[in-house]
Amino acid sequence: MLNIALVAGSSRNNSQSGKIARVLRQRLIEMGQTTQDTSSIIDLGLAPLPLWPAEDAGPWGMYQQQLAAADAVVIIAPEWNGMACPAIKNFFIYASKAELAHKPGLLVGVSSGIGGAYPISELRASSYKNCRLCYLPEHLIVRQVEKVLNGPQAVDEADERIRARIDYALDVLVRYAHALQPVRAAISFDNPAFANGM
C-alpha cells in the first residue's frame, strides 16, 4: 500500500478544495492503492499555517510528518482571481526537500467557473524549486466544482468525464509513486552546496 498525502490548498473552511481532497482520497482507497491509515488530508482551511515566517509554525510539525511519510502527494489548488490562492503558496514556503524531494506530485486545479488552469501553471513554474517535488506531466482541473463530484453517481456528462479523468490521473500517480521509490532512496540529500534548487 502506498502512503499518499492530499493537500487541500484553500484557506476557506468547508471549501470545495477540501471536498475534492476527500473525493480523491476515497477513490484511491476504492482503487486499492491506499487505506484510511496510509493516506491523509492536509486541509489548510481547517488547520491553517501561519503566514511564513512565524515564531509559532502552527500545525506544520504534524504536516511535516504526514508529508515525510508519503510516497506521493496530491496538491489541490483553487483558483482565486486567476491565481493560486495564498494558502497553497504559503504551504510551499514551509515545505522542503526533507518532506517532498523526488516524490511524484499530482496538481489539481479547482474553479467555480470554467477556469482552473492558472494555479497549475503558477505552481509548475515556482513551487517545486527548493522542495524538489516532481510534478507529473498529467494534471486535473475540476471546473464548475459545485456541480460535480457531489455524490457516488455522476449527474451529467461533465461529472462522468471528470470522474474518468480522475481515475486515469490517479493511476498515473500510483505508477510514478512506485517507480520513484528506488530513485528517492538512491539520492543523497547531504551535500550542503546543493541545499536549494537553481
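Residues numbered from 1 in each chain as written. Predicted model: local features only at pLDDT ≥ 70, side-chain atom pairs only at ≥ 80, totals over all residues. Heavy atoms only, no water.

**Focus on the state of the cysteines**
Applying the stated criterion across every chain yields a total of zero disulfides. Of all cysteine sulfurs, the one in C131 lies closest to C85, which takes part in no disulfide; the gap is 16 Å. C85 sits in the buried class, given a relative accessible area of 0%. (Disulfide = S-S within 2.5 Å. Buried < 20%, exposed > 50% of the residue type's maximum accessible area, 1.4 Å probe, protein only.)

**Comments concerning the pairing of strand β3 (residues 72-80)**
Walk down a regular strand and you will see the side chains alternate between the two sheet faces. The element β3 is largely enclosed, with a buried count of eight among its nine residues. Bridge count between strand β1 (residues 4-8) and β3: five bridges; the pairing is parallel. The residue of β3 that forms the bridge with A8 is I76. The pairing of β3 with strand β5 (residues 104-110) spans six bridges and is parallel. Counted as the bridge partner of I75 is L107 from β5. The pairing of β3 with strand β4 (residues 83-84) spans two bridges and is classified as antiparallel. Looking at β4, one finds that E79 is bridged to A84. Connecting β3 to the antiparallel partner β4 that follows it, the hairpin turn spans two residues, and N81 within it adopts a positive phi of roughly 50°. (Helix = DSSP H or I, 4+ residues; strand = E, 2+ residues; numbered from the N terminus. Pairing = 2+ DSSP bridges.)

**Examining the pattern of salt bridges**
Considering all chains together, one arrives at eight salt bridges under this definition. One salt bridge in this structure joins R184 and D71, with 3.6 Å as the shortest N-O distance. Of this pair, R184 sits in helix α6 (residues 157-186) while D71 sits in the loop between α2 (60-69) and β3, placing them 113 residues apart in sequence. Among the residues examined, D71 registers a relative accessible area of 13% and is labelled buried. The residue E122 makes a salt bridge to K89 at a minimum N-O spacing of 3.4 Å. Of this pair, E122 sits in helix α5 (residues 117-126) while K89 sits in helix α3 (residues 86-94), placing them 33 residues apart in sequence. (Salt bridge = Lys/Arg side-chain N within 4 Å of Asp/Glu carboxyl O.)

**A few points about the packing of aromatic side chains**
Following the criterion strictly, the structure yields three aromatic pairs and no others. Ring geometry for W60 against F91: centres 6.0 Å apart, planes inclined by 75°, an arrangement best described as edge-to-face. With a gap of 31 residues between them, W60 in helix α2 and F91 in helix α3 connect regions that are remote in the sequence. Relative accessible area serves as the criterion here: at 7%, W60 is assigned to the buried category. For the pair F91 and F92, a centre-to-centre distance of 5.1 Å together with 85° between the ring planes defines the contact as edge-to-face. Among the aromatic side chains, those forming a connected cluster through ring pairs are W60, F91, F92 and Y94. (Phe/Tyr/Trp six-rings, centres within 6.5 Å; stacked < 30°, edge-to-face > 60°.)

**Regarding the environment of Y63**
In this fold, Y63 is placed in helix α2. Take Y63: its relative accessible area is 3%, and that puts it in the buried class. In this structure the C-alpha to C-alpha distance between Y63 and H102, which are 39 residues apart in sequence, comes to 18 Å. When neighbours within four sequence positions are excluded, Y63 is seen to be in contact with I42, D43, L44, A47 and L49. (Contact = heavy atoms within 4.5 Å.)

**A look at the UniProt feature "domain: NADPH-dependent FMN reductase-like" (unreviewed entry) in the protein chain**
Taking the UniProt record as the reference, the feature "domain: NADPH-dependent FMN reductase-like" (unreviewed entry) is found at residues 3-142. The span residues 3-142 is 34% helix and 26% strand, and its two end C-alpha atoms sit 24 Å from each other. (UniProt positions renumbered as here; feature names shortened; annotations may be inferred.)

**Things to note about the packing of helix α1 (residues 16-30) against α6**
A pair of packed helices is captured by two measures, namely the crossing angle of their axes and the spacing between those axes. Where α1 meets α6, the axes come as close as 11 Å, and the angle between the chain directions of the two elements is 65°. Relative to α6, α1 is oriented roughly perpendicular. When the axes of α1 and α6 are compared, the crossing they make is right-handed. Where α1 approaches α6, its residues L24, R27 and L28 are matched on the opposing element by I166, D167, L170 and V174. (Axes fitted to C-alpha atoms, helices over the stretch in contact; angles between N-to-C directions. Parallel < 35°, antiparallel > 145°, perpendicular 65-115°, else oblique. Left-handed = near helix turned anticlockwise from the far one by under 90°.)

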